[in-house]
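Chains, contacts and geometry: an overview
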Amino acid sequence: MSIFAPFDEHSPIVLTVPGLGGSGPSHWQTLWEQSRPDTSRVELGMWDTPHRNAWVTRLDQAIRTAQAPVVLAAHSLGCLAVAWWAELSPQPFGWPVAGALMVAPADVDRPDVKSELAGFAPAPAKPLPFPSITVASRDDPWIGIDRARELAKGWGSFFVDAGPQGHLNAASGIGWWHEGQELLDRVLDAASDRSGRVRTAADARSLLAINATEAAQAHYLGRYA
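None of the values given here were measured: they were computed from a predicted structure.

Further remarks concern the overall build of the chain. Counting secondary structure elements, the chain contains seven helices and six strands. Counting from the amino terminus, helix and strand elements in the chain follow one another as β-α-β-α-β-α-β-α-β-α-β-α-α.

This is the structure:
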């Protein structure tokens, strides 16, 4: 677990942001919500017929009512909702969103994009105003690894190559996804110091890069660098 106590008033809370169809009972987001007292889901609604502005509005409401710094754990189209929230709701660095774990972002700009995802195009390409890690798989049917790396670069996000693990969802067989938990805790550590003070952008990104590399090395970077 991270350095943050679950009910410390200075601790960030973790909000999961699912993608198209929501996250089922075996998805790592659902398992994290059940096992971590600091974690809950953003109910975006319209899971099968997502609308960009509606999702961004729901996400904004969840962030604004959290009464604590927020770290987002997004998956697939949820990553695009986070990126669009940052585009449409500018914030000072690290507040109220203190960090994000962006997992398997969907490629909404590909020529054969599904109609349900097309409304989120074009993908925002500006740096996110908070430290983040983007994780992608080499055989994800929803995005190519080079495109995922390109998105991460645009977002100013530290990129982790997860190797061939599909869409990093329940079908990938990763269960509770221990490696993802380690990466989430690195985001939490980079987001704020032990007193709850937001780190500077330079300090957060430097710490995130070092810690994310250490967390991923044995599982991902060492095998697929």
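Picking up after the structure, the text goes on.
Right, let's talk about the packing of helix α2 (residues 52-64) against helix α3 (residues 77-88) for a bit. The contact between α2 and α3 brings their axes to 9 Å, and the two run at 75°. Looking at the two axes, α2 sits roughly perpendicular to α3. Counted together, R52, N53, W55, V56, L59, D60, I63 and R64 of α2 and L77, G78, A81, V82, W84, W85 and L88 of α3 form the full contact between these two elements. Broken down by class, the residue content of the contact of α2 with α3 amounts to 10 nonpolar, two polar and three charged.

Our focus in this paragraph is the pattern of salt bridges. All told, the structure shown has 10 salt bridges when counted by the stated rule. Its salt-bridge partner being R147, residue D107 comes within 3.6 Å of it at the nearest N-O pair. A residue pair is termed long-range when its members are at least 10 positions apart, and D107 in the loop between β4 (97-103) and α4 (115-118) and R147 in helix α5 (residues 145-155) qualify at 40 residues. The exposure class assigned to D107 is buried, which follows from its relative accessible area of 10%.

As a further point, take the packing of aromatic side chains. All told, the structure shown has five aromatic pairs when counted by the stated rule. Aromatic side chains W47 and W55 sit 5.7 Å apart centroid to centroid with 65° between the ring planes, which places their arrangement in the edge-to-face category. Each of the two residues, W47 as well as W55, counts as buried. Plain terms: the ring middles of W55 and F120 are 5.6 Å apart, the flat faces sit at 70° to each other, and that makes the pair edge-to-face. Of this pair, W55 sits in helix α2 while F120 is found in the loop between α4 and β5 (132-136), placing the two residues 65 residues apart along the sequence.

Right, let's talk about the sheet that holds strand β6 (residues 158-161) for a bit. Strand order in the open sheet formed by six strands is β2-β1-β3-β4-β5-β6, and the pairing between neighbours is parallel. The sheet is open, and its two borders are formed by β2 (39-41) and β6, each paired with just one other strand. On average, adjacent strands in this sheet sit at an angle of 20° to one another, irrespective of strand direction. Of the strand pairs in this sheet, strand β3 (residues 70-75) and β4 are connected by six bridges, and their pairing is parallel. Each bridged residue has a counterpart across the sheet, and for V70 the counterpart in β4 is V97. Its contacts with the sheet place helix α1 (residues 28-35) against β1 (13-17), β2, β3 and β4, and it is angled at close to 150° to β3.

Caution applies to low-pLDDT parts of the model: their predicted coordinates are not meant to be read in detail. Scored by pLDDT, the chain comes out at a mean of 87, with 80% of its residues at no less than 70. Taken element by element, the predicted model of the chain shows its lowest mean pLDDT in helix α7 (residues 201-224) (53) and its highest in α3 (98). Ignoring residues within four places in sequence, the model shows residues 1-7, a span with pLDDT below 50, making 18 contacts including any to other chains. Confidence drops under a pLDDT of 50 for residues 212-225, and excluding neighbours within four residues, the segment shows 31 contacts in the predicted structure.

A few words now on the pairing of β3. Most of β3 sits inside the fold, with six of its six residues counted as buried. What you see with β3 is no split at all: V70, L72 and A74 on one side and V71, A73 and H75 on the other are buried throughout. Two strands pair when backbone bridges link them, and β1 and β3 are joined in this way by five bridges, in the parallel orientation. Paired with L15 across the strands is L72, a residue of β3. Following the chain from β3 across α3 to the adjacent parallel β4, one finds a crossover that is right-handed.

Criteria and thresholds
Residues numbered from 1 in each chain as written. Predicted model: local features only at pLDDT ≥ 70, side-chain atom pairs only at ≥ 80, totals over all residues. Heavy atoms only, no water. Helix = DSSP H or I, 4+ residues; strand = E, 2+ residues; numbered from the N terminus. Axes fitted to C-alpha atoms, helices over the stretch in contact; angles between N-to-C directions. Parallel < 35°, antiparallel > 145°, perpendicular 65-115°, else oblique. Contact = heavy atoms within 4.5 Å. Nonpolar A, V, L, I, M, F, W, Y, C, P; charged D, E, K, R; others polar. Salt bridge = Lys/Arg side-chain N within 4 Å of Asp/Glu carboxyl O. Buried < 20%, exposed > 50% of the residue type's maximum accessible area, 1.4 Å probe, protein only. Phe/Tyr/Trp six-rings, centres within 6.5 Å; stacked < 30°, edge-to-face > 60°. Pairing = 2+ DSSP bridges. pLDDT = per-residue confidence, 0-100. Right-handed = clockwise from strand over helix to strand, strands pointing away.

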